[in-house]
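Notes for the structure review
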Amino acid sequence: MLKVGLFGLGTVGQGLLEISRNSKLPFEIVAIVDRSYKKKSKITGNIAASDNPSLILDDNDIDLVVELMGGIDLPLFIIREALDKKKNVITANKFLLAEHGFALFTKAQDNGVKIGFEAAVAGAIPVIRNLENIFWYEDISLLEGILNGTTNYILTKMRTEKKEYEYALKDAQKLGFAEADPTLDVSGMDAAHKLALLASHITKSWIEYKSIYVRGIENIRLNDILWTEKAGYRIRLISRCQRIDGKVYLSVEPSIILPGHYLWDVENENNAIVFQGMYSGIHMFVGKGAGSLPTAYSVLSDIMHITQGNHNPYLMHNFVWRYNHPGSVEDKESAFYMRLLVMDEPGVLADIAKVLSEHSISIASVHQDAPIQISDHPVDLILITHKCLRKSLQTSITALEKLNSVKSVPVFLPIDEN
Ligand SMILES: NC(=O)c1ccc[n+]([C@@H]2O[C@H](COP(=O)([O-])OP(=O)(O)OC[C@H]3O[C@@H](n4cnc5c(N)ncnc54)[C@H](OP(=O)(O)O)[C@@H]3O)[C@@H](O)[C@H]2O)c1
């Protein structure tokens, strides 16, 4: 029977313990390390527990280490030590893998052991194993995903309950879908960590998450949601990996999608990934991106995979690890939605149109729902552009924000026609 050491008895760790106690499985959790192990003695029961990592790391009978603590420094130390001692490792820690994956995967390969991380990318959705096995030889030209449940929940609540961003975020926190500090989620960084891992699989090279173009949902206001809803569109935080002429383009940003888009119906805290294979066509995975039991189930499936002696092509293919430098999304074209905060005075539109035309951007439509009486306060002006280079759009925004009549351009969203 395989002996497992578990670091971290929190949301996911407790889920793993619960499933492993309810099912007959060919492995046994024999030791738990957690900083508050004393408080959790009712949960650990007769399993050896400590706050000292050596309980697991120095036990030669433990074949596999599961890291479910979160954070960077201690998990990095633990995973390095475990790999050096030729123990297989499973982790749900996307931040750690996105930061240090290159070195850790190389170390695992050198030591002939594996790192399972199905739970780190989109929780319960079995996308990593499928990419490693069934789709390893596919040529994937486009992958799009909703990789963060918190932001999808917030955007869904804003639309369905007509709530401002702050209230939808508070709801998400109350229900446990958002952390007390939601920065990693709402800034798009959490999704970027996962996209980097997915894109590394697809390109069979290492993608640094810091090279991804990332914008979050913090500036999206109810007005953006209401306008897009009225126009028959939706806003989603889309993670995108596109391969064109040998270059990979990566972005995480709020985007407008049209009816019929594969991610149209993916609501609330759900996650989804859709990709286009050159040979096998379009595939879509939808499911729970987080939660105690769903995430723990992915960890369990990795343990089973390793227990059954399956080889992981990610490591076994032995391709030479190399860094991949993505192309700049600023060189790509899209139509855009823009919300400008402008003074409600004559001549504003003419000023804006002039700046846009100087940047070769043509306007498809203009919308303003201001009161008939001229307001002293800045008002929202919504513009839809025809397709233009993102680079031109960004320089035009800098120029627009210099106009006396434009207070700011808080939101611009690409319109995703895929
Ligand atoms: N929750 C999800 O749905 C989900 C989904 C996908 C991936 N993940 C990833 O899974 C990992 C675990 O997440 P989680 O939600 O289970 O976290 P969590 O509920 O905060 O649990 C972490 C556990 O580890 C313990 N711990 C934290 N730092 C420690 C340290 N330095 N030394 C010893 N013990 C320590 C904590 O003790 P205390 O009780 O004292 O805090 C807690 O028991 C994270 O990497 C997360 O990103 C989570």
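Per chain, residues are indexed from 1 in the order of the written sequence. Given that this is a predicted model, residues contribute local features only at a pLDDT of at least 70 and side-chain atom pairs are listed and counted only at 80 or more, while totals for whole chains, interfaces and linings are drawn from all residues. Computation of side-chain values: all heavy atoms of the structure, hydrogens and water removed.

In this section: the site of the ligand. By convention in this text, a residue qualifies as near a molecule or strand provided that one of its non-hydrogen atoms is within 4 Å of it. Every one of the 20 residues lining the ligand counts as a neighbour, but V12, D34, S36, K40 and G291 are closest to it. Separating an oxygen atom of the ligand from a backbone N or O atom of V12 is a distance of 2.9 Å. Each accessible area value is a Shrake-Rupley result obtained with a 1.4 Å probe; residue values ignore everything except the protein chains displayed when judging cover. For the ligand, whose unbound accessible area comes to 900 Å², protein coverage reaches 73%. In this classification, the charged set is Asp, Glu, Lys and Arg, the nonpolar set is Ala, Val, Leu, Ile, Met, Phe, Trp, Tyr, Cys and Pro, and all remaining amino acids, among them Gly, are polar. When its residues are assigned to classes, the shell around the ligand shows 8 nonpolar, 8 polar and 4 charged. In protein, a polar contact means a hydrogen-donor-capable atom and an acceptor-capable atom, both N or O and within 3.5 Å, with residues adjacent in sequence counting only if both atoms are side-chain atoms; elsewhere, any N or O pair within 3.5 Å suffices.

What follows covers the sheet that holds strand 1 (residues 2-7). Across the sheet, which stays open at both edges, the 6 strands sit in the order 3-2-1-4-5-6 with parallel pairing between neighbours. The outermost strands of the open sheet, each flanked by one partner alone, are strand 3 (48-50) and strand 6 (115-116). One requirement defines pairing of two strands: DSSP has to find at least two bridges between them. Numbering of helices and strands runs from the N terminus, with a helix taken as a DSSP run of H or I at least four residues long and a strand as a DSSP run of E at least two residues long. Relative to strand 5 (residues 88-91), strand 4 (residues 64-67) is paired through 4 bridges, and the arrangement is parallel. Bridged to E67 within strand 5 is T91. Pairs of residues are marked as contacts when any of their non-hydrogen atoms sit within 4.5 Å. Every axis corresponds to a line fitted to the C-alpha atoms, with the helix fit spanning only the stretch in contact, and the corresponding angles, defined between N-to-C directions, vary from 0 to 180 degrees. The sheet strands contacting helix 1 (residues 11-22) are strand 1, strand 2 (27-33) and strand 4, and the helix crosses strand 2 at an angle near 150 degrees.

Another point: helix 10 (residues 189-203). For helix 10, which comprises 15 residues, the first-to-last C-alpha distance of 20 Å matches the rise-based estimate of 21 Å (1.5 Å per residue) to within 8%. Most of helix 10 sits out of view: 14 of its 15 residues are buried. Backbone geometry just after helix 10 places K204 at a positive phi near 55 degrees. Every helix has an expected span of 1.5 Å times one less than the residues it contains. Burial classes: relative accessible area under 20% of the type maximum marks a residue as buried, over 50% as exposed, and values in between as partly exposed (1.4 Å probe, protein chains only).

Taken together, the side chains of Y262, I282, M284 and V286 make up a nonpolar region of the molecular surface, amounting to roughly 350 Å² of accessible area. On the secondary structure map, M284 appears in strand 13 (residues 281-288). Of the residues examined, M284 reaches a relative accessible area of 33% and is grouped as partly exposed. The patches reported here contain residues having more than 30% relative accessible area and no salt bridge. Joining distances are 9 Å for like charges and 5 Å for nonpolar side chains (Val, Leu, Ile, Met, Phe, Trp, Tyr). Take a side-chain nitrogen of Lys or Arg and a carboxyl oxygen of Asp or Glu: if they are within 4 Å of each other, that pair is a salt bridge.

Moving on to the pattern of salt bridges. Scanning all chains against the criterion turns up 27 salt bridges. Across the salt bridge formed by D84 and K107, the nearest N and O atoms sit 2.9 Å from each other. With D84 in helix 4 (residues 73-84) and K107 in helix 5 (residues 94-111), this residue pair connects regions lying 23 residues apart in the sequence. When its relative accessible area of 42% is taken as the criterion, D84 is described as partly exposed. Between D171 and K163 there is a salt bridge, with its nearest N and O atoms 2.5 Å apart. For D171, a relative accessible area of 16% corresponds to the buried category. Connected via shared salt-bridge partners are R159, K162, E229, R234, R236, D265 and E267.

Where helix 14 (residues 348-358) meets helix 15 (residues 390-400), the axes come as close as 9 Å, and the angle between the chain directions of the two elements is 145 degrees. Considering only the axes of helix 14 and helix 15, their crossing is right-handed. Residues I352, V355 and L356 of helix 14 pack against S396, A399 and L400 of helix 15. A breakdown of the residues in the contact of helix 14 with helix 15 according to their chemical character gives 5 nonpolar, 1 polar and no charged. Crossings are assigned a handedness: left-handed for a near helix turned anticlockwise from the far helix by less than a right angle, right-handed for a clockwise turn.

Take the pairing of strand 2 next. Along strand 2, 5 of the 7 residues are buried, which leaves the element largely enclosed by surrounding structure. When the strands point away from the viewer, a crossover counts as right-handed if the path from the first strand over the helix to the second runs clockwise. In terms of handedness, the path from strand 1 via helix 1 over to strand 2 forms a crossover that is right-handed. The pairing of strand 2 with strand 3 spans 3 bridges and is parallel. Residue pairing across strands places V33 opposite S50, the latter belonging to strand 3.

Another aspect to go through is the domain arrangement of the protein. Each assigned domain of the protein is listed with its residue range as follows: domain 1 (2-116), domain 2 (127-288) and domain 3 (332-416). Each domain's extent was defined by an automatic or database domain assignment. Computed over C-alpha atoms only, the centres of domain 2 and domain 3 are separated by 26 Å. Carbon and sulfur atoms make up 54% of the area that domain 2 and domain 3 hide from each other, which totals about 1,600 Å². For any pair of parts, buried area is found by adding up, for both, the accessible area (1.4 Å probe) each one loses once the two are put together. Looking only at domain 2, the three residues that lose the most surface to domain 3 are D224, W227 and I256, adding up to 35% of its buried area. Taken together, the connections running from domain 2 to domain 3 amount to 3 salt bridges.

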